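Analysis of the macromolecular model
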Amino acid sequence: GAVVSQHPSWVICKSGTSVKIECRSLDFQATTMFWYRQFPKQSLMLMATSNEGSKATYEQGVEKDKFLINHASLTLSTLTVTSAHPEDSSFYICIPPRRRDNYGYTFGSGTRLTVV
Amino acid sequence: GENVEQHPSTLSVQEGDSAVIKCTYSDSASNYFPWYKQELGKRPQLIIDIRSNVGEKKDQRIAVTLNKTAKHFSLHITETQPEDSAVYFCAASSSGFNDYKLSFGAGTTVTVRA
């Protein structure tokens, strides 16, 4: 089955610094990747969709200059939280779209970001 | 886009009783409905799913029903056990224009009382 590797699994950073989260598809190629954010005691909300070879698509209310998303290759998508603030502390998870012939989704392991 | 509503937000049941969580969706193009269980500090884990061409699916103590006409689906847990305590999310996925995006419900915190 599809395997998605997400790193780091947790990170603590100081306010004002940037953090990069990587999501790699290990045994399949993904032309798109969904990035979700989950605040404590809340649901998973789609932030943006990375697209290989084109710009990412951001959901309404998500700052594209703050959350830089890049789809560098068919196996690597990255999310960079720039100038992080404590309110950016959250659980970030990548999820590749399901394939037409396979209804299941494979989740990345998630990254817990704490900004101090 | 798809809008998934989930109720109740919290559910407390006595061990051995049943738990039911209900969700509605808005996009008639949605054709896949997974349910996830999330324990504290972990990522959501798939527990059961159903496709739009099926009305009901069962896996041991867990079952899901789907009513396409009414656009709602439900999770049923029978003979609940303390280890069923967790947050449960329903989700819907469309094969249409939005490229299989997965939309989640708000979640239900289930507490099983021993």
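Residues numbered from 1 in each chain as written. Chains lettered and ligands numbered in written order. Predicted model: local features only at pLDDT ≥ 70, side-chain atom pairs only at ≥ 80, totals over all residues. Heavy atoms only, no water.

1. Points about unusual backbone geometry
For the bond running from A:His7 to A:Pro8, omega is -5°, close enough to zero to count as cis. Along the chain, A:Pro8 turns up in the loop between strand E1 (4-7) and strand E2 (10-13). B:Pro8 follows B:His7 through a cis peptide bond whose omega is -5°. Turning to its location among the elements, B:Pro8 is positioned in the loop between strand E1 (4-7) and strand E2 (10-14). Even without being a glycine, A:Ser83 presents a positive backbone phi close to 45°. With respect to the helices and strands, A:Ser83 occurs in the loop between strand E8 (76-81) and strand E9 (90-95). Non-glycine residue B:Lys71 carries a positive phi angle of around 55°. (Helix = DSSP H or I, 4+ residues; strand = E, 2+ residues; numbered from the N terminus.)

2. Considerations on the confidence of the model for chain A
Summary statistics for chain A give a mean pLDDT of 93 and a share of 97% for residues scoring 70 or more. Put simply, strand E6 (residues 54-58) of chain A is where chain A has its lowest mean pLDDT, 93, and E2(A) is where it has its highest, 98. (pLDDT = per-residue confidence, 0-100.)

3. Let's talk about the packing of aromatic side chains
Going through the model one piece at a time under the given rule, you end up with 10 aromatic pairs over all chains. Centre to centre, the rings of B:Tyr36 and B:Phe104 are 5.9 Å apart; their planes meet at 50°, and the pair counts as tilted. Here the residue B:Tyr36 occupies a position in strand E4 (residues 30-38), and B:Phe104 occupies one in strand E10 (residues 102-104), the gap between them amounting to 68 residues. Among the residues examined, B:Phe104 registers a relative accessible area of 8% and is labelled buried. Of the aromatic side chains, those joined through ring pairs into one cluster are A:Tyr36, A:Phe107, B:Tyr36 and B:Phe104. Across the ring face of A:Phe67, the terminal group of A:Lys66 is positioned such that the distance to the ring centre comes to 5.9 Å. (Phe/Tyr/Trp six-rings, centres within 6.5 Å; stacked < 30°, edge-to-face > 60°. Buried < 20%, exposed > 50% of the residue type's maximum accessible area, 1.4 Å probe, protein only. Lys NZ or Arg CZ within 6 Å of the ring centre and 35° of its normal.)

4. Quick word on the environment of B:Ser18
Tracing the backbone shows B:Ser18 in the loop between E2 and strand E3 (19-25). Since its relative accessible area comes to 46%, B:Ser18 is described here as partly exposed.

5. Details of the state of the cysteines
Scanning all chains against the criterion turns up 2 disulfides over all chains. Two residues, A:Cys23 and A:Cys94, share a disulfide whose sulfurs are 2.0 Å apart. On the sign convention where negative is left-handed, the bridge of A:Cys23 and A:Cys94, at about 80° about the S-S bond, is right-handed. Of this pair, A:Cys23 sits in strand E3 (residues 19-25) while A:Cys94 sits in strand E9, and the two are 71 residues apart along the sequence. For the pair shown, A:Cys23 and A:Cys94 are each scored as buried. Across a sulfur-sulfur distance of 1.9 Å, B:Cys23 and B:Cys90 are joined as a disulfide pair. Between B:Cys23 and B:Cys90 the sulfur-sulfur dihedral comes to about -100°; the bridge is accordingly left-handed. (Disulfide = S-S within 2.5 Å.)

6. Regarding the sheet that holds strand E7 (residues 62-67) of chain B
All names here are of chain B. In space, the 5 strands of this open sheet follow the order E1-E3-E8-E7-E6, with antiparallel pairing throughout. Strand pairing shows two members of the sheet lacking a second neighbour, E1 and strand E6 (56-59), which therefore form its edges. Within this sheet the neighbouring strands show an average axis-to-axis angle of 15°, counted without direction. With 6 bridges joining them, E3 and strand E8 (residues 72-77) adopt antiparallel strand pairing. Within E8, the residue paired with Thr-24 across the bridge is His-72. (Pairing = 2+ DSSP bridges. Axes fitted to C-alpha atoms, helices over the stretch in contact; angles between N-to-C directions.)

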